[in-house]
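Per-entry structural report
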Amino acid sequence: MDFDFELNDYNNEKIKCPECGFIFSAESFYCPECGLLVINDYRCINHKNIIAKWMCVVCQTPLCDNCVHFKLGRAFCEVHLDTFIIDGHLPVFKTGSPWVAYLVLGRLKQSGIPCVLFNQHDSSYSINIGDLSFLRIMVPLEFYEKAIQELKNNRKSVV
Ligand SMILES: [Zn+2]
Ligand SMILES: [Zn+2]
Ligand SMILES: [Zn+2]
C-alpha cells in the first residue's frame, strides 16, 4: 500500500491516510478517521487466514474487505454499524433527566474523559423522531471504550 511519508518530520511523524486523506500520528496503527489499518499484523476476526485491512472505529475489531461495513466513510463491524456518531463523538449514556446527565458528565470529566452533552432538542441534525426527549452524553471515538468501562464501574452509584 502506498502511504505518503513525505509529510514526516522527524519530531512528530505523521501519516496521511491513502484512503481518506486524514493526517494522523505514525504511532497509531490505524486511521482513526476511516479505520484503515496501516500495518498488516492483524487477521480478520471472521477469517483467520485473511489479513485485516480495516479496524472498526468503535471497538477496534480487525476486519477484511468482506466483513467491513461502511457508513459516512468510516469502517464498522456488524455490531457497531448502527452506532450514532456526530462529529467523531459516540454516545455512551442516554437519559431523560438533566440531573442524571450532569452527574454522569461530571464523573466522566473527573476520569479525564472529554465529553459533551448532546441535547436533541437543540440539534438541527435529523435523527430518529421517537427519540427526541433524550439527552445523550457523547465522547470522542478514541475514548469510547474507556468511558464505557468507567460507566460500568460507576453504575451502582450513578443510578
Ligand atoms: Zn483514513
Ligand atoms: Zn465494532
Ligand atoms: Zn473477514
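Source: prediction; values computed, not measured.

Definitions and limits used
Residues numbered from 1 in each chain as written. Chains lettered and ligands numbered in written order. Predicted model: local features only at pLDDT ≥ 70, side-chain atom pairs only at ≥ 80, totals over all residues. Helix = DSSP H or I, 4+ residues; strand = E, 2+ residues; numbered from the N terminus. Buried ≥ 20, exposed ≤ 12 C-beta atoms within 10 Å, placed from the backbone. Contact = placed C-beta atoms within 7 Å. pLDDT = per-residue confidence, 0-100. Core = buried A, V, L, I, M, F, W, Y, C linked by C-beta atoms within 7 Å. Expected span 1.5 Å × (residues − 1). Arc of directions from axis to C-beta.

Below, the discussion takes up the overall build of the protein. From N to C terminus, the protein includes two helices and nine strands. In sequence order, the secondary structure elements of the protein are arranged as β-β-β-β-β-β-β-α-β-β-α. In the protein, which comprises 159 residues, the share counted as buried stands at 27%. Restricting to contacts in the protein with at least 6 residues of sequence separation, those with at least 24 account for 37%.

All right, on to the confidence of the model for the protein then. Residue-level pLDDT values for the protein average 83, and 81% of them are 70 or greater. Of all the helices and strands in the protein, helix 2 (residues 144-158) carries the lowest mean pLDDT, 79, while strand 4 (residues 62-63) carries the highest, 97. Across residues 123-130 the pLDDT falls below 50, and counting only partners more than four positions away or on other chains, this stretch makes two contacts in the model.

Counting 34 residues, the largest nonpolar core has Cys-56, Leu-63, Ala-75, Ile-137, Val-139 and Ala-147 as the members making the most contacts within it. Put simply, the parts of the chain that give this core at least two residues each are strand 3 (54-55), strand 6 (74-76), strand 7 (89-95), helix 1 (98-110), strand 9 (135-140) and helix 2. In terms of residues, this core owes the most to one element, strand 9, which gives four residues. In this structure, Leu-63 is in contact with Cys-44, Ile-45, Ala-52, Trp-54, Cys-56, Val-68, Ala-75 and Cys-77, ignoring residues within four places of it in sequence.

Turning next to helix 1. With 13 residues, helix 1 ought to run about 18 Å at 1.5 Å a step, and its terminal C-alpha atoms sit 18 Å apart, in line with that. Taken together, the buried positions of helix 1 are occupied by Ala-101, Val-104, Arg-107 and Leu-108. Projected down its long axis, helix 1 carries its buried residues within an arc of 130°, all on one side. Away from its buried face by more than 90 degrees, helix 1 exposes Pro-98, Trp-99, Gly-106, Lys-109 and Gln-110. Once helix 1 ends, the next one or two residues include Gly-112, with phi positive near 80°.

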